[in-house]
Structure formats: structure tokens, C-alpha cells
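Structural description and commentary
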Amino acid sequence: MADPRREDLSAESDPVEAAAWFLAAQPGAVERTLGVHARREDGRCAGCGQLRQVWWPCVLVNIALRARLLRGRSGPVGFD
Ligand SMILES: [Zn+2]
């Protein structure tokens, strides 16, 4: 069985994991991110396309999906 303290340490050292935890704690942030960073017909990200052309799913979609998993596993992060 995984040691929860070890899991917390990996969240601090992995930027994507840390961003997912941060996003999970912001009410509505996961839904807003997934809404803005939708897949365009050409296969690129609509949200990132305003800044640069990247393929969907972009890194922000992956962070938001990870945040949704974290939130689902432990309830609303930071609000319980
Ligand atoms: Zn994007």
C-alpha cells in the first residue's frame, strides 16, 4: 500500500502534479479549463490556439483531467 506522505512529496516535485492539485482546489477551474481548451476541427486546442498552435489534448487539458481525478478521489480539495 502506498505511503500517502510519499505521494504528497511527489506532488511537490512534479510540476504537472502540483498544477493538478492547485487546479483541483479552485472551484470551477477544471470545468472552465476543459471548456476553453476544447478540440478544434483541425485537431488543435482552441484555448492554446490563441497563443500558439498545439495539438489537442494540450498539457492544460491533461492537468485538468488529472485534477478531476484527484478531486473525485478525495472530494473537494481544500474545502472539506
Ligand atoms: Zn490548450
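This write-up is about the structure you can find in this document. None of these values were measured; they are calculated from a predicted model. (Residues numbered from 1 in each chain as written. Predicted model: local features only at pLDDT ≥ 70, side-chain atom pairs only at ≥ 80, totals over all residues.)

Summing up its helical and strand segments, the chain has 4 helices and 0 strands in all. Ordered by position from the N terminus, the helices and strands of the chain form the series α-α-α-α. Counting every position in the chain, which comprises 80 residues, the buried fraction comes to 18%. Contacts in the chain between residues far apart in sequence, at least 24 positions, make up 43% of those at least 6 positions apart. (Helix = DSSP H or I, 4+ residues; strand = E, 2+ residues; numbered from the N terminus. Buried ≥ 20, exposed ≤ 12 C-beta atoms within 10 Å, placed from the backbone. Contact = placed C-beta atoms within 7 Å.)

Next up on the list: the nonpolar core. Across soluble globular proteins, you tend to see nonpolar side chains buried next to one another. Counting 8 residues, the largest nonpolar core consists of Ala20, Trp21, Leu23, Ala24, Val30, Ile63, Ala64 and Ala67. Elements with a contribution of two residues or more to this core: α2 (15–24) and α4 (59–74). Per element, the largest residue contribution to this core is 4 residues, and it comes from α2. When sequence neighbours within four positions are dropped, the list of residues in contact with Val30 reads Leu23, Ala24, Ala64, Ala67, Arg68 and Arg71. (Core = buried A, V, L, I, M, F, W, Y, C linked by C-beta atoms within 7 Å.)

Before going further, it helps to spend a moment on unusual backbone geometry. That bond from Trp56 to Pro57 is cis: its omega, 0 degrees, falls within 30 degrees of zero. As for its position among the elements, Pro57 is in the loop between α3 (29–36) and α4.

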